[in-house]
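Working through the structure, step by step
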Amino acid sequence: MKIEIKDFQVEPGKKVSLKRWPTEVKPVYKSKQHYQELMDGQVEELSDLQRLLYATDKHALLLIFQGMDASGKDGAIRHVLSGVNPQGCMVSSFKQPSAEERMHDFLWRTSKRLPNRGMIGIFNRSYYEDVLVVRVHPEILASVGVSAKDADEEFWKGRYQSITDHERHLHRNGTRILKFYLHLSKDEQKKRFLERIDNPDKNWKFSAADANERAHWDE
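What you see is a predicted model, and the numbers here were worked out from it, not measured in a lab.

Further remarks concern helix α7 (residues 186-198). The terminal C-alpha atoms of α7 lie 19 Å apart, and with 13 residues this matches the ideal 18 Å at 1.5 Å per residue to within 8%. Turning to α7, its buried residues are Glu 188, Gln 189, Phe 193 and Arg 196. Buried residues of α7, seen end-on, are gathered within an arc of 140° and therefore sit on one face of the element. Turned more than 90 degrees away from the buried face of α7 sit Asp 187 and Asp 198, all of them exposed. In the core, the buried residues of α7 are packed alongside α8 (208-213).

Take a look at the structure:
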């Protein structure tokens, strides 16, 4: 099956409704062996392109992965980028901000982790957390001195604008950004959580906090 990027791509300026995208699609491979053949070929191609990126020293590449808990961010990063030279790649994960990070603007901690020219940077979560999670958990905003009263619609529009301006600035200065949202249903998340509990190799990944977040799914 041929993959059409347009089937998964959001065009600039378009509004997004997750309801129009399924959380499951037909496999693009015929068997596990076919999957491995496809993966090996793509990993080899990616490795060649990484060497070209490094040699030209003109651009940086930033990959941003977002998704609900158990959506597969870690797995996607591990599998797809298995052939990348680690010397030219840096993975950064962003959870709740530290005390030092709370003393700065919300883009500061991710800005410190941006890739150099010739390098690949990977964000496992990103500054998008600061217009997603913090809207559901206002106590995080309160920890940086923003009251619920101050966090009105204009406040959020300002954050959206800051992100847009930030990404345009990076693009103008040679950083190419690819953003991936890994979409899964609430039922599929439950299934994966239960697998984590039952599988000794995975139950270390399960936490009560992940389960508690399910109560905020609709928000």
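On to the packing of aromatic side chains. The way to describe two aromatic rings as a pair is by their centre distance and the angle between their planes. Applying the stated criterion across every chain yields a total of five aromatic pairs. A centroid spacing of 5.0 Å and a plane angle of 80° characterise the contact between Phe 94 and Phe 123, whose relative ring orientation is edge-to-face. On the criterion of sequence distance, the pair formed by Phe 94 in the loop between β2 (89-93) and α3 (108-111) and Phe 123 in strand β3 (residues 120-124) is long-range, its members being 29 residues apart. Taken together, a centroid distance of 5.1 Å and an interplanar angle of 40° make the contact between Tyr 127 and Tyr 128 tilted. Classification of Tyr 127 as buried rests on a relative accessible area of 0%.

Now for unusual backbone geometry. Positive phi, close to 55°, is recorded for Asp 57, a residue that is not glycine. Note on placement: Asp 57 falls in the loop between α1 (32-56) and β1 (60-67). Positive phi values are uncommon outside glycine, yet Ala 70 reaches one of about 75°. Counting through the fold element by element, Ala 70 comes out in the loop between β1 and α2 (73-80). Taking the relative accessible area as the measure of exposure, Ala 70 reaches 11% and is therefore buried.

What follows covers the confidence of the model for the chain. Confidence along the chain averages 91 in pLDDT terms, with 99% of residues attaining 70 or more. By mean pLDDT, α8 is the weakest element of the chain at 84, and α3 is the strongest at 98.

The buried count for β1 comes to eight of eight residues, which makes it a mostly enclosed element. The alternating pattern of β1 places Ala 60, Leu 62, Ile 64 and Gln 66 on one face and Leu 61, Leu 63, Phe 65 and Gly 67 on the opposite face, and all of these are buried. Pairing between β1 and β3: five bridges, direction parallel. Opposite Leu 63, over in β3, you have Ile 122 as the bridge partner.

Tracing the backbone through its elements, the reader meets Asn 203 in the loop between α7 and α8. Spatially, the C-alpha atom of Asn 203 lies 23 Å from that of Val 91, the residues being 112 residues apart in sequence.

We now examine α2. Looking at α2, one finds that the buried residues are Lys 73, Gly 75 and Ile 77. Looking at the buried side of α2, the elements it contacts are β1, β2, β3 and β4 (175-182).

Conventions adopted
Residues numbered from 1 in each chain as written. Predicted model: local features only at pLDDT ≥ 70, side-chain atom pairs only at ≥ 80, totals over all residues. Heavy atoms only, no water. Helix = DSSP H or I, 4+ residues; strand = E, 2+ residues; numbered from the N terminus. Expected span 1.5 Å × (residues − 1). Buried < 20%, exposed > 50% of the residue type's maximum accessible area, 1.4 Å probe, protein only. Arc of directions from axis to C-beta. Contact = heavy atoms within 4.5 Å. Phe/Tyr/Trp six-rings, centres within 6.5 Å; stacked < 30°, edge-to-face > 60°. pLDDT = per-residue confidence, 0-100. Pairing = 2+ DSSP bridges.

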